[in-house]
Amino acid sequence: MMSRPNFIVFYCDDLGYGDLGCYGSDQIKTPNIDQLAENGVRFTDWYSNSPVCSPSRAALLTGKYPMRTEVDQILSGQRGAAGLSHGHESLPSIAKQHGYRTAMYGKWHLGTTSETSPNAHGFDEFFGFHAGCVDYFSHIFYWEGVPVHDLWENEEEVWNNGEYMTELITERAVQFIQGQGQDKGEDQPFFLYVPYNAPHYPMHAPAKYMERFSHLPWDRQVMAAMISAVDDGVGEVINALKRSGQYQDTMIFFSSDNGPSTEVRNWLDGTPDKYYGGDAGIFKGHKGSLFEGGIREPAIFSYPAQIQGGQVVEEAGIMMDILPTFMEFAGIPVADRAIDGKSMVDMLTRQSNPQSPHDQLFWEYNDQLAMRQGDWKLVWNGKLDFDETAEDVIQLTNLRKDAGERHNAADEYPELTEQMKTDLQTWYQEITGSSKE
């Protein structure tokens, strides 16, 4: 048995809570991800730190609230754009300091300069792109200013025209694991970050995946096809782990950066209609919203050597918890590090009555604020996506009774509403240096 565990993070993009078989989808088949959930812990109340890409990724990799990383907005994908600074320790840099080999294959979206690149943040190996999205076959970023090709091997631009991005990511991840095999006599642990850009627009999938879901309307068909390609990739990576004898001693985390997108550009046909190909399940809101549909994510954690499989945990966790959880499992000191996340090791390994390490969780995005306290959630200036504003300025919900946030209980619980507003204001002022009126 290895002295320290490997760690793999699969991170999807714009994946809906209801878009996996193990989360209730009866249209999209995800047998490999479902098996990962069966062999590990499936979370029902797992959150992203933001309803959009870059801040979610910053929180995942630094263990901090996005505002503390200076990445609280979607970052530019143009060459020369700023990103996550060196002032923030990241999961790969910490892992590398403690003897881990580190690699990333996929979407970065935390800066395009050499100072903010994956290699500058601790990754020994990087293959992928810097922007928020690329064409899946040409790997060109079209969505901001002048189109630019965006595919890199470390700091060198590379060209793989015509190859499907999801499959390229999987291929490189599998090659990395095969190169780490214990048959070579190597015992160096690794951290592997696999941030798939699927199912983020543009909505592209090879015919073999589209044919699996030919019975669905196009918007659901292409979403299902893109997710099915990811599911195949997860299966290939796990099989590579098993072949190399490293599966038991590898932690695996699977999730997504935010909820499904309603952006009209998903259609690819020039229509101004909102897109509903992704499924947020029973939840209110989509990408860009601090209601549950924008921030509650499918999430699975597996570690066969330490965690009993088949668990469903209904306690709250959040992306910034991944870094301290990895550190505790790996025996890396957490004390004196400026992080907001909390280790989930106790919650993951406790056989009965697991408890969230958080009494309160907070969110901030584009004038929206939100807070969860036990079963209660308060949303302030909420939006349903990037554009549509919610009916009430303040909404209070008991998520155990009303997970879909359909009923506003603020008038029924004025004291609780005021207490949560006050705590939310205090947190906002502490984290931004300004008050919220």
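Predicted model only: the values in this text are computed from it and were never measured.

## Observations concerning the nonpolar core
Working step 1: Ile8, Phe10, Ile177, Leu192 and Phe254 are the most contacted members of the largest nonpolar core, which has 64 residues in total.
Working step 2: Examining the composition of this core, we find that 13 residues originate from one element, helix H7 (residues 218-243), more than from any other.
Working step 3: Residues contacting Ile8, with those up to four places away along its chain left out, are Ile177, Phe190, Leu192, Val194, Val237, Leu241, Thr250, Met251, Ile252 and Phe253.
Working step 4: Counting 43 residues, the second-largest nonpolar core is a separate cluster that includes Phe7, Val313, Ile322 and Phe329.

## Quick word on the packing of helix H1 (residues 31-38) against H7
Working step 1: Contact geometry of H1 with H7 gives a least axis separation of 7 Å together with a crossing angle of 55°. In terms of their interaxial angle, H1 and H7 are classed as oblique. Of the residues in H7, those touching H1 at Pro31, Asn32, Ile33 and Leu36 are Asp231, Asp232, Val234, Gly235 and Ile238.
Working step 2: Broken down by class, the residue content of the contact of H1 with H7 amounts to five nonpolar, two polar and two charged.

## Thoughts on the pattern of salt bridges
Working step 1: Within the structure shown, the criterion is met by 25 salt bridges.
Working step 2: Close ionic contact of Glu292 with Lys377 constitutes a salt bridge, the shortest N to O distance being 2.7 Å. Of this pair, Glu292 sits in helix H8 (residues 292-295) while Lys377 sits in strand E16 (residues 376-380), and the two are 85 residues apart along the sequence. You'll find Glu292 and Lys377 in the same group, each marked buried.
Working step 3: Taking the shortest distance from any N to any O, the salt bridge between Arg350 and Asp346 comes out at 2.7 Å.
Working step 4: Taken together, the salt bridges that share partners define one network made up of Asp45, Glu292, Arg296, Arg372, Asp375, Lys377, Arg400 and Glu405.

## Considerations on the packing of aromatic side chains
Working step 1: The tally for this structure, following the rule as stated, stands at 29 aromatic pairs.
Working step 2: Between the aromatic rings of Tyr142 and Trp143, the centroid separation amounts to 5.7 Å while the plane-to-plane angle is 80°, which identifies the pairing as edge-to-face.
Working step 3: Tyr142 sits in the partly exposed class, given a relative accessible area of 40%.
Working step 4: In this arrangement the basic side chain of Arg172 is found over the ring face of Phe127, its NZ or CZ atom lying 4.7 Å from the centre.
Working step 5: The ring of Trp380 carries Lys421 above its face, with NZ or CZ at 5.1 Å from the centroid.

## Digging into the environment of Tyr413
Working step 1: Within the element layout of this structure, Tyr413 appears in the loop between strand E17 (394-398) and helix H11 (414-432).
Working step 2: Note: C-alpha distance between Tyr413 and Leu396 (17 residues apart in sequence) is 8.4 Å.
Working step 3: Not counting chain neighbours up to four residues away, the residues in contact with Tyr413 comprise Trp376 and Leu396.

## Considerations on the sheet that holds E16
Working step 1: In space, the four strands of this open sheet follow the order E14-E15-E16-E17, with antiparallel pairing throughout. Edge positions in the sheet fall to strand E14 (360-365) and E17, since each has one partner strand and no second. On average, adjacent strands in this sheet sit at an angle of 10° to one another, irrespective of strand direction.
Working step 2: Across five bridges, strand E15 (residues 368-373) lies against E16 in antiparallel orientation. Paired with Gln373 across the bridge in E16 is Trp376.
Working step 3: Contacting E14, E15, E16 and E17, H11 runs over the sheet at an angle of about 120° to E15.

## Observations regarding the pairing of E16
Working step 1: Buried residues dominate E16, accounting for five of its five residues.
Working step 2: The alternating pattern of E16 places Trp376, Leu378 and Trp380 on one face and Lys377 and Val379 on the opposite face, and all of these are buried.
Working step 3: Between E15 and E16, which pair antiparallel in sequence order, lie two residues; one of them, Gly374, sits at a positive phi of approximately 65°.
Working step 4: Note that E16 and E17 share five bridges and pair antiparallel. In the strand pairing of E17, Val379 is matched with Gln395.

Reading the values: the criteria
- Residues numbered from 1 in each chain as written.
- Predicted model: local features only at pLDDT ≥ 70, side-chain atom pairs only at ≥ 80, totals over all residues.
- Heavy atoms only, no water.
- Core = buried A, V, L, I, M, F, W, Y, C linked by side-chain atoms within 4.5 Å.
- Buried < 20%, exposed > 50% of the residue type's maximum accessible area, 1.4 Å probe, protein only.
- Helix = DSSP H or I, 4+ residues; strand = E, 2+ residues; numbered from the N terminus.
- Contact = heavy atoms within 4.5 Å.
- Axes fitted to C-alpha atoms, helices over the stretch in contact; angles between N-to-C directions.
- Parallel < 35°, antiparallel > 145°, perpendicular 65-115°, else oblique.
- Nonpolar A, V, L, I, M, F, W, Y, C, P; charged D, E, K, R; others polar.
- Salt bridge = Lys/Arg side-chain N within 4 Å of Asp/Glu carboxyl O.
- Phe/Tyr/Trp six-rings, centres within 6.5 Å; stacked < 30°, edge-to-face > 60°.
- Lys NZ or Arg CZ within 6 Å of the ring centre and 35° of its normal.
- Pairing = 2+ DSSP bridges.

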